[in-house]
Amino acid sequence: MDPDHFNHRQARLSTGWTYHYVDEKPANNGDQTVTLLCIHGFPDLWYGWRHQIKPWVQRGYRVVVPDMLGYGKTDMPTETSAYSTKNLCNDLAALLDHIGVTKAVVVGHDWGAFIGARFALWHPDRLLSLAILSVPYIPPRTQYVSLEQIAKLFQPFGYQLYLASEESAAEIEAHLPTLFYSLYRTSDARINAILRDGRLREVLLNAPITEGCLLNEKEITYYLSNYERGMIGPLSYYRTTQIRFGEELAASLPSKPRITVPVIFIGGTDDKICPPNTIESQGALIDKLTVVTLQGKAHWLMLEAPEIVTDEILFWLKGLGMVPGNRQQCCL
């Protein structure tokens, strides 16, 4: 799918950063149009939503998909604090301001799901509803838990320790194609091993995996062209654990963790970095939750099951009355 066949925009936001984003509008775009704001994860771009954008627009939705801070053609600050979810959510609110949208349906995958759920806490007045893929809602903590502790509690998160380390940026930059070949995969024994502490670095430096990648050569070439500035920005997300905790505690978010807008969670049964207990527990903190489980699918749902993801979200939105031309109902 040709990236040039999308409507690309850039804007300097009120938060001070310049964001690149795709903005696709339906033929009958107007005041009644429902906007979907899609947020990608790691290591991804706006391009991760390429299979969903056009079909959603054809159904009458406006679809806005930014390169997140540090990615693609969006600014890449060097300060780690710029990548806290509070600051990223402020950026997204500023993007909605820039495009003249008061409320949007927020759709996130991976880090985008985590950020989208936090957007529902930091800016609850800017959401119509929330769709989160592959990463369930995890509420703000009352006590600090380090990334090291998290990796001990849930072994598949071990790869995050390497991504958060100081040496990871230079090493990944020197072996960038291997990163995409290694991570963009369906669930198998090799990807399961990579997720454990220390194995991702070993694979990158010594035992690259090339077969079985979900991306074709043209797609990998496009991704690599958008990572030429380096990995400091994308990796900074993994270095914000303590910053995020401090910001959320200061704002008393742990005392008001409920998400009141309708939420759909879509997850794959073979996704090794999606703890089953968190899928179950999130229902206690979401007023109206729909859970869709995709059998035999892993982490990259927009690639592994593109039509299913597209249609499940359309079906969910229809059930909520959030359809083009019915804006008044969906804002109730």
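Residues numbered from 1 in each chain as written. Predicted model: local features only at pLDDT ≥ 70, side-chain atom pairs only at ≥ 80, totals over all residues. Heavy atoms only, no water.

So, the packing of aromatic side chains
Heads up, the condition is: Aromatic rings from Phe, Tyr and Trp, taking only the six-membered ring of Trp, are treated as a pair when their centres fall within 6.5 Å; an angle between ring planes under 30 degrees marks them as stacked, one over 60 as edge-to-face, and anything in between as tilted. Comment: elements are numbered from the N terminus, with helices defined as DSSP H or I runs of at least four residues and strands as E runs of at least two. For every residue, the accessible area obtained with a 1.4 Å probe (protein chains only) is divided by the maximum for its type, and the residue is called buried under 20%, exposed over 50%, and partly exposed between those limits. A ring is scored as having a charge over it whenever the NZ atom of a lysine or the CZ atom of an arginine sits within 6 Å of its centre and within 35 degrees of its normal.
As enumerated under the stated definition, the model contains 20 aromatic pairs in all. On the basis of an interplanar angle of 45° and a centroid distance of 5.7 Å, the ring pair of Y184 and Y223 is categorised as tilted. One end of the pair, Y184, is in the loop between α7 (176-183) and α8 (189-194); the other, Y223, is in helix α10 (residues 217-225), and 39 residues separate them in sequence. The exposure class of Y184 is buried, given its relative accessible area of 1%. It is R50 that lies over the ring of Y47; its NZ or CZ is 4.1 Å from the centre. The ring of F6 carries the charged tip of K54 above its face, separated from the ring centre by 5.0 Å.

Remarks on the environment of T18
Operational definition: Contact between two residues is taken to exist if any of their heavy atoms lie within 4.5 Å; hydrogens are not considered.
Checked against the element boundaries, T18 lands in strand β2 (residues 18-24). Apart from the residues lying within four places of it in its own chain, the contact partners of T18 are Q10, A11, R12, T74 and D75.

Notes on the pattern of salt bridges
Applicable threshold: By definition here, a salt bridge exists when the distance from a side-chain nitrogen of Lys or Arg to a carboxyl oxygen of Asp or Glu is within 4 Å.
As enumerated under the stated definition, the model contains eight salt bridges in all. D97 is the salt-bridge partner of R126, the closest N and O atoms lying 3.0 Å from each other. Here the residue R126 occupies a position in the loop between α3 (111-122) and β6 (127-133), and D97 occupies one in helix α2 (residues 85-99), the gap between them amounting to 29 residues. Residue R201 pairs with E171 through a salt bridge whose shortest N-O separation is 2.8 Å. In this pair, R201 is assigned in helix α9 (residues 199-206) and E171 in helix α6 (residues 168-174), connecting sequence segments 30 residues apart. Given a relative accessible area of 35%, R201 falls into the partly exposed group. For E171, a relative accessible area of 15% corresponds to the buried category.

Digging into the confidence of the model for the chain
Applicable threshold: Per residue, pLDDT measures the predictor's confidence, with a range of 0 to 100.
Averaged over every residue, the pLDDT of the chain is 93; the share at 70 or more is 97%. When mean pLDDT is taken per element in the chain, strand β3 (residues 35-39) scores highest with 99 and helix α16 (residues 327-330) scores lowest with 45. Confidence drops under a pLDDT of 50 for residues 327-332, and excluding neighbours within four residues, the segment shows 14 contacts in the predicted structure.

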